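Survey of secondary and tertiary structure
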Amino acid sequence: MNKKYHCCIPIALFFILGFCYSYYTPLWTPPDEERHFTYGEYIAQKHTLPSYTSAPEGNSVHMAYHPPLYYMIGSLFFHEDQRLLKEEISVNDGPGYRLLTLPKKETEFPYAGKARTAYLLRLLSLMLGGITIFLIYSIALMLFPGDQLFASVTAIFVATIPQFLHVSASISNENLSTTLSAAYLLLLLYYLRDPARLRWQVGSGILLGLCLLSKTSALFYLPVTTLFILWLCLRDKRNPILPLFFILGTAIVVSGWWFLRNWLMFNDPTFVKTYDTLNSFHLRGVPLSLGYVTTVIEKTFTTFFGFFGALEFSLPDFHFAIYGVIILLSIVGLCLLWAKKALSSLQVNMLGLFLLVILVGTGMYAYINIKYTGFYLGRYLYMVIAPLAVILIMGFRSLLPLRWRNPSLVVLSLVLIILNLNVLFRILKPAYAEPRLALVVDQPMFCCFKPAINDTTTTSQTFVSPSNMLCAIRAMFSCESKRAHGDIVFVLKETGEQGKIICQMHYPVKNIQGIDRCFFIFPPILDSRGKEYQVSFSAPSVSPGAGVSLWYDAKDRYPAGRMFVNGGPTDGDLYFQAYCFTGEHPETDWEGKREIIIDQMYVSVRELQLYAEMSKEFREKTIIHKKLRRIEKALDNRNSLVNQ
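To keep things clear, this report deals only with the structure shown in the data block. (Residues numbered from 1 in each chain as written. Predicted model: local features only at pLDDT ≥ 70, side-chain atom pairs only at ≥ 80, totals over all residues. Heavy atoms only, no water.)

So, the pattern of salt bridges
- Tallying each qualifying case throughout the model produces 26 salt bridges.
- Of the charged contacts in the structure, one is a salt bridge between Asp81 and Arg83, with a shortest N-O distance of 3.8 Å.
- The exposure class assigned to Arg83 is partly exposed, which follows from its relative accessible area of 37%.
- Two residues, Asp527 and Lys531, come together in a salt bridge whose shortest N-O distance is 3.1 Å.
- Residue classification places Asp527 among the partly exposed residues on the basis of a relative accessible area of 44%.
- Residue Lys531 is classed as partly exposed on the basis of its relative accessible area, which comes to 26%.
- Overlapping salt bridges, with partners in common, bring together Glu41, Asp81, Arg83, Glu88, Glu106 and Lys114 in one network. (Salt bridge = Lys/Arg side-chain N within 4 Å of Asp/Glu carboxyl O. Buried < 20%, exposed > 50% of the residue type's maximum accessible area, 1.4 Å probe, protein only.)

Topic: the packing of aromatic side chains
- As enumerated under the stated definition, the model contains 46 aromatic pairs in all.
- When the ring of Phe266 is compared with that of Phe271, the centres are 5.3 Å apart and the planes differ by 45°; the resulting orientation is tilted.
- A ring pair is formed by Phe301 and Phe305, whose centres lie 5.2 Å apart and whose planes are at 65°; its orientation type is edge-to-face. Here the residue Phe301 and the residue Phe305 both occupy positions in helix α13 (residues 290-305), the gap between them amounting to four residues, near one helical turn.
- By relative accessible area, Phe301 is classed as partly exposed at 26%.
- Judged by relative accessible area, which is 3%, Phe305 ranks as buried.
- Taken together, Phe14, Phe15, Phe19, Phe164, Phe301, Phe304, Phe305, Phe320, Tyr323 and Tyr382 form an aromatic cluster joined through their ring pairs.
- Directly above the ring of Trp200 sits Arg199, whose terminal nitrogen or CZ lies 4.6 Å from the centroid. (Phe/Tyr/Trp six-rings, centres within 6.5 Å; stacked < 30°, edge-to-face > 60°. Helix = DSSP H or I, 4+ residues; strand = E, 2+ residues; numbered from the N terminus. Lys NZ or Arg CZ within 6 Å of the ring centre and 35° of its normal.)

Focus on the packing of helix α8 (residues 174-193) against helix α9 (residues 198-212)
- Packing of α8 against α9 leaves a shortest axis separation of 9 Å and a crossing angle of 160°. The orientation of α8 relative to α9 falls into the category roughly antiparallel. Judged by the twist between their axes, the crossing of α8 over α9 is left-handed. Contacts between α8 and α9 involve Leu180, Ser181, Ala183, Tyr184, Leu187, Leu188, Tyr190 and Tyr191 on the former and, on the latter, Trp200, Gln201, Gly203, Ser204, Leu207, Leu208, Leu210 and Cys211.
- Its residues placed into classes, the contact of α8 with α9 shows 12 nonpolar, four polar and no charged. (Axes fitted to C-alpha atoms, helices over the stretch in contact; angles between N-to-C directions. Parallel < 35°, antiparallel > 145°, perpendicular 65-115°, else oblique. Left-handed = near helix turned anticlockwise from the far one by under 90°. Contact = heavy atoms within 4.5 Å. Nonpolar A, V, L, I, M, F, W, Y, C, P; charged D, E, K, R; others polar.)

Structure follows, in structure tokens:
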């Protein structure tokens, strides 16, 4: 292939994988996708930017604190209709990772209504991702001119990161900010190579302004730009005022209106104060600890490479191990390259710029995680993914002997592609497939919870399976005031003196974070129809006064079974559901391919966010409203019992 077409390989690979990720990822499963959609929908319908207040109920568009460029572009893809996504979307209260859904007639190909608009916006995001891959190729080629293989492998490294593809195939302003960040870095390299040209200064200013209009965290480019210009002018003994004036001045002209508007209308130019008020529960209220820092590093690593949806399932451990080995080898290679002093002065300067961008960008990320908790999401570092990728592949390249360099880079590319295909077809596609499960027993009522299960308390429930292929039980837990170590032990067995134990699973008590529902999933029982089973929950490794409790209803809601505490019958029934597999062979975890426990909140954060943004009249018609009212009544009942 002609060398000038080498860039087509990573770009084509990205689009092939990206379209597959988009196809196999249902709408509204990537993080905050429905909320990004709502922002663009508002602009398309109202022809203005949304306002923002510190009261959740006052915001029809929660994402309004984000700069508007991505959403202004996205609004062009909306049809002329006044329907609201949040009033058409439904909540799936059953098994599977598809929490939010549209009517089936819209989501089947050819798409219609909101689904069609959503897929057009996903296409926009993919186009931006493709541009990012091209820009990364161009940046790598500037560092090593003529080395198309190095540039291609650098671009392939990014194009095959599963999380990058997951985000690129979704509706998110992350994609525009990543593209503009890579473009801005490329223009800074052109300026570094030829600082006398005014067009590089003005062009850099325009792109910097667009970066600031794409995401607030792009503000870190202001100190990067200032330090970079001061360093260059000090090196060349030039006055830094003019280049700073052209770059920063142009950026202010392009983006200043957004910050001025926020200052005049809300007295909050960057919406930081408003965001802190609205999300006060995210503000870190405890001192920094080594354990917290370790958690941030671990979560950042896993979410950078692959932790999908609302942090619901991730890459296998061996994938993370391979990425870790690549990073370690790259660090060794960089050290050897530095010791050899084999780089030209221009390459050293470029490397210095890369390190400056990474240092300040990760510094901004660290500050966010010091101020807030729960913000250790690797995708927030995608604004510096271009210099990160270039430096990593440069280090890997430098580690190799010259005659093995090109074959090894080709092998690395093939390994990355194979890993990604494994994720696509063996992890992501099965996880998002519609579970072939039927609800056969449903006891959805609860008023209070039983005493905490521990080494002295076991709670059980009997039921009759009306169908064959029983494969899952769902129960609801609540954490006590005292947190405990140890495991919940789930046991499913046939009733009777000789009752055979069908399944036994352990689940860490510490994983129960609030009012959670756990699916206990096991291989389908072929002949379960008409048989009576008993599910029991215990925690033999948890001492009295600790543990978690099971929710139940004091009335006899399920006549075909009984609830037991420590083997003795008691009034009421546990909150529980039983599911049967409806296919021929289970193909996913949800269908009982293996024993697994999947934990989901009774009312998820995404449900609460959607609920807060609905009109009062409409929210009362939703299943979210019913669940919240049910929880309120149960908690009131518990409090009244405690006070008696």
